[in-house]
Amino acid sequence: MRVYLDNAATTPLDKEVFDAMAPFMLEHFGNPSSIHSHGREVRSAIEKARRTVAGLLNTSPAEIFFTSGGTEADNAAIRCTCRTYGIKHAISSKLEHHAVLHTMELLEKEEGVQIAYVRHDERGSLDLEHLEELLANQPKTLVSIMHANNEIGNINDIEAIGEICRKYDAVFHSDTVQTMGHYKHDLQQLNTNFIVGSAHKFHGPKGVGFLYCDANVKIQPLIQGGAQERNMRGGTENVYGIIGLAKALEIAYRDMDEHHKHIQGLKDRMAQKLKEQMEDVSFNGLSEFGDKSLYTVLNVSLPASDINEMLLFSLDINKISASGGSACSSGANAGSHVLRSLDVDPARGSVRFSFSKYNTPEEIDYVATTLAKLYKKELA
Ligand SMILES: Cc1ncc(COP(=O)(O)O)c(C=O)c1O
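Residues numbered from 1 in each chain as written. Predicted model: local features only at pLDDT ≥ 70, side-chain atom pairs only at ≥ 80, totals over all residues. Heavy atoms only, no water.

- Under an unreviewed UniProt entry, the protein chain has the name Cysteine desulfurase family protein and belongs to Pontibacter locisalis.
- Regarding the protein chain, the relevant UniProt record gives this comment under Sequence similarities (unreviewed entry): "Belongs to the class-V pyridoxal-phosphate-dependent aminotransferase family. NifS/IscS subfamily."
- Per its UniProt entry, the protein chain bears the Catalytic activity (unreviewed entry) comment "(sulfur carrier)-H + L-cysteine = (sulfur carrier)-SH + L-alanine". (UniProt positions renumbered as here; feature names shortened; annotations may be inferred.)

Put into structure tokens, the structure is as follows:
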């Protein structure tokens, strides 16, 4: 048995998704920009996929742009908003994904955009009063705050953040990569100007995603070229990727309640089993707190031990795929900017388990027991 508990990194493709994609690899190969029938049938399939995505998010197809994934969508929203509107002030958090943080850092270096970071506590909860303080008396500002954190699972209150942004007339981008396909997003209720999706995080194909761009915010394209995506992204479309993305999102919405319940059960079981079998185990961020944390992610904090250096390697030898990284940056662990920002004790070990609809309670029991054994041996 090999156990895959790294679903926040990527998820396996759903067979139903593959079946929807396959004809667009073999039979329907036309270029969607061609005016002949081979092209037109593919164009029509792309527009149907766009309508599916827009319908699920309760918005207009004109506001959905397909991209190469979450990273590109984040880059486009942040860079192009600053560039198009000449924005020189941006606010983010140190807990963001590198797709956001590195883009911000580059804007600071190359275009003189001043970046401020919202304060957070040791569990990663953002201080929204600080966000208001930062926004007060600022010229036009871009705010980029993720919906949920990919490492520790914390869910930010993007409804409240959206309201604050509206009050101060700020443009609001939220990296929703980890919640897309796992929670429902109703764009008529959310006050976000940009949200994003990445198909491979919800059992779709890799290398395809989308950007929702509020019709009131008109940005210039990130990628120059042809007139694809209504002049918003040059380049021949990733046709089968787009078809797969729409199918995967459709399935995710169709089965969401059932999967939520199943996966939450697995996460709770893992937390419980670890606490029963190990001493001094705790959870980073808000991992352990019900609706404040993704039901797909559990970030475990483990006792100080020599094994921590090689933890992911040891799990791999025991046929368990997981990820994470300690607060320090050394050896086999790349180190986590998120855990460092939470001031997590670098001597402790950390591992992120992330679950999907395909995991089973038996797998959870095996992983919890294996982890407990590794530490018992080491600490004996
Ligand atoms: C929060 C978050 N944002 C952005 C990305 C990047 O998405 P993609 O892999 O589609 O570029 C990821 C993927 O790990 C993520 O977890």
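1. Overview of the packing of helix H6 (residues 128-135) against helix H7 (residues 158-167)
At step 1: With their axes 10 Å apart at the nearest point, H6 and H7 run at an angle of 20° to one another. Between H6 and H7, the angle falls in the class roughly parallel. Between H6 and H7 lies a crossing of right-handed hand. Across the interface between the two elements, Leu 128, Leu 131, Glu 132 and Leu 135 of H6 pack against Ala 160, Ile 161, Ile 164 and Lys 167 of H7. (Axes fitted to C-alpha atoms, helices over the stretch in contact; angles between N-to-C directions. Helix = DSSP H or I, 4+ residues; strand = E, 2+ residues; numbered from the N terminus. Parallel < 35°, antiparallel > 145°, perpendicular 65-115°, else oblique. Left-handed = near helix turned anticlockwise from the far one by under 90°. Contact = heavy atoms within 4.5 Å.)

2. Side note on the pairing of strand S5 (residues 141-144)
At step 1: Both faces of S5 are covered, namely the face carrying Thr 141 and Val 143 and the face carrying Leu 142 and Ser 144.
At step 2: When strand S3 (residues 89-92) meets S5, the two strands line up parallel, connected through 3 bridges. Residue pairing in the sheet places Ala 90 in a bridge with Leu 142 of S5.
At step 3: Handedness of the S5-H7-strand S6 (residues 171-174) crossover: right-handed. (Buried < 20%, exposed > 50% of the residue type's maximum accessible area, 1.4 Å probe, protein only. Pairing = 2+ DSSP bridges. Right-handed = clockwise from strand over helix to strand, strands pointing away.)

3. Details of the site of the ligand
At step 1: Surveying the vicinity of the ligand reveals 13 residues, the closest of which are Gly 70, Thr 71, Asp 175, Ser 198 and Lys 201.
At step 2: Here a nitrogen atom of the ligand and a side-chain polar atom of Asp 175 are 2.6 Å apart.
At step 3: If one sorts the elements of the shell around the ligand by residue count, helix H4 (residues 70-85) sits on top with 3 residues.
At step 4: Residue composition of the shell around the ligand, by class: 2 nonpolar, 8 polar and 3 charged. (Near = heavy atom within 4 Å. Polar contact = N/O pair within 3.5 Å; in protein donor to acceptor, adjacent residues only side chain to side chain. Nonpolar A, V, L, I, M, F, W, Y, C, P; charged D, E, K, R; others polar.)

4. Brief notes about the packing of H4 against helix H5 (residues 98-111)
At step 1: Running from amino to carboxyl end, H4 crosses H5 at an angle of 30°, the nearest separation of the two axes being 9 Å. When the axes of H4 and H5 are compared, the pair comes out roughly parallel. When you trace H4 past H5, the crossing you get is right-handed. Between H4 and H5, the contacting residues are Thr 71, Asp 74, Asn 75, Ile 78, Arg 79, Cys 82 and Arg 83 on the first element and Ala 99, Val 100, Thr 103, Met 104, Leu 106, Leu 107 and Glu 111 on the second.
At step 2: By residue class, the composition of the contact of H4 with H5 is 7 nonpolar, 3 polar and 4 charged.

5. Quick notes on the pairing of strand S2 (residues 64-67)
Consecutive side chains of a regular strand alternate in pointing toward one face of the sheet and then the other.
At step 1: Burial along S2 is two-sided: Ile 64 and Phe 66 and Phe 65 and Thr 67, pointing in opposite directions, are all buried.
At step 2: Examined bridge by bridge, S2 and strand S8 (residues 209-213) share 4 bridges and lie antiparallel to one another. When the bridges of S8 are listed, Phe 65 appears paired with Leu 211.

6. Topic: the sheet that holds S2
At step 1: Judged by pairing direction, the sheet is mixed, and its 7 strands sit side by side in the order S2-S8-S7-S6-S5-S3-S4 without closing on themselves. Bordering the open sheet on either side are S2 and strand S4 (114-117), each of which pairs with just one other strand. Across this sheet, the average inter-strand angle for adjacent strands is 20°, counted without regard to direction.
At step 2: H4 contacts S2, S5, S6, strand S7 (194-198) and S8 of the sheet and is inclined by roughly 160° relative to S7.

7. Considering helix H9 (residues 239-254)
At step 1: Over its 16 residues, H9 extends 23 Å from the first C-alpha to the last, a length consistent with the 22 Å expected when each residue adds 1.5 Å.
At step 2: Across the 16 residues of H9, 12 count as buried, placing the element largely inside the fold.
At step 3: Within H9 the residues assigned to the buried category are Val 239, Gly 241, Ile 242, Ile 243, Gly 244, Leu 245, Ala 246, Ala 248, Leu 249, Ile 251, Ala 252 and Tyr 253.
At step 4: In this fold, the buried residues of H9 make contact with helix H1 (15-21), helix H2 (23-26), helix H3 (37-56), S2, S8 and helix H10 (256-277). (Expected span 1.5 Å × (residues − 1).)

8. Describing the nonpolar core
At step 1: Judged by nonpolar contacts, the single largest core of 79 residues is most densely connected at Val 143, Met 270 and Phe 353.
At step 2: Per element, the largest residue contribution to this core is 9 residues, and it comes from H9.
At step 3: Not counting residues up to four positions away in its chain, the partners in contact with Phe 353 are Leu 5, Met 270, Thr 296, Val 297, Leu 298, Val 300, Leu 315, Ala 322, Val 367 and Leu 371.
At step 4: Counting 26 residues, the second-largest nonpolar core is a separate cluster that includes Ala 76, Cys 82, Ile 115 and Cys 213. (Core = buried A, V, L, I, M, F, W, Y, C linked by side-chain atoms within 4.5 Å.)

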